[in-house]
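In case you want the letters, here they are:
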Amino acid sequence: NVTQQGALGLVRLSAASHMHHIVMSGNLSGWSVDVYVHSWNPELARVLDAQYGLALRGSLHEQVIPGLAKAASQSLSIARAAALARRHELHAGRGHWQYDHALVMRLDAVPLEPLDLSALSAGRVTFAEHCCLDAAVDLSDAEAVLRQCGHGLGATGYGGVPIINL
């Protein structure tokens, strides 16, 4: 079926971009990058999980909740992924170890350039619908955004890179 093939293609493209531009790029820059995936598509669970290989530390794939607003769906999805990461922190460090940063992004976002994780602030939460520059709250944020996704695509390009501090 054409729709399923398109979804599989998008999953593979997005995950390959995440792995290349975030996970492997981060690892080469000295970051240890773990991946947690939450989706509202259990039919793609095996394919999604396989794309992240050894970087995947946890995943949860659930049925869509009918009538759930987009913002609520995204918030719940982020919360579920954060809970997976927190469980890993508690198990791996017996309660004495925490991630320094958490990068949260849509599974269908396709980063076009390596992401310099050191330029991102762990003290802010950014949720961008279009270009991440739209969410810059001050000049230092705007400068960091331009360094990270100043790819020239404008507001219709890169979908943004939200950051949360767990």
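Predicted model only: the values in this text are computed from it and were never measured. (Residues numbered from 1 in each chain as written. Predicted model: local features only at pLDDT ≥ 70, side-chain atom pairs only at ≥ 80, totals over all residues. Heavy atoms only, no water.)

S.K.: When you look at the packing of aromatic side chains in this model, what are you seeing that I'm missing?
M.R.: Centre-to-centre distance and the angle between the planes together describe a pair of aromatic rings. Taken as a whole and judged by the stated rule, the model has 1 aromatic pair. Ring centres of Y36 and Y99 lie 6.0 Å apart, and the angle between their planes is 80°; this geometry places the pair in the edge-to-face category. One end of the pair, Y36, is in strand β1 (residues 35-39); the other, Y99, is in the loop between α3 (70-93) and β3 (102-103), with 63 residues separating them in the sequence. Here Y36 and Y99 have matching classes, each one buried. (Phe/Tyr/Trp six-rings, centres within 6.5 Å; stacked < 30°, edge-to-face > 60°. Helix = DSSP H or I, 4+ residues; strand = E, 2+ residues; numbered from the N terminus. Buried < 20%, exposed > 50% of the residue type's maximum accessible area, 1.4 Å probe, protein only.)

S.K.: Explain the side chain of S14 here, please?
M.R.: Counting through the fold element by element, S14 comes out in helix α1 (residues 2-28). For S14, a relative accessible area of 0% gives the class buried. Within the local environment of S14, its side chain forms a polar contact with the backbone oxygen of L107, the two atoms lying 3.3 Å apart. Apart from the residues within four sequence positions on either side, S14 is in contact with L107, D108, A109 and V110. (Polar contact = N/O pair within 3.5 Å; in protein donor to acceptor, adjacent residues only side chain to side chain. Contact = heavy atoms within 4.5 Å.)

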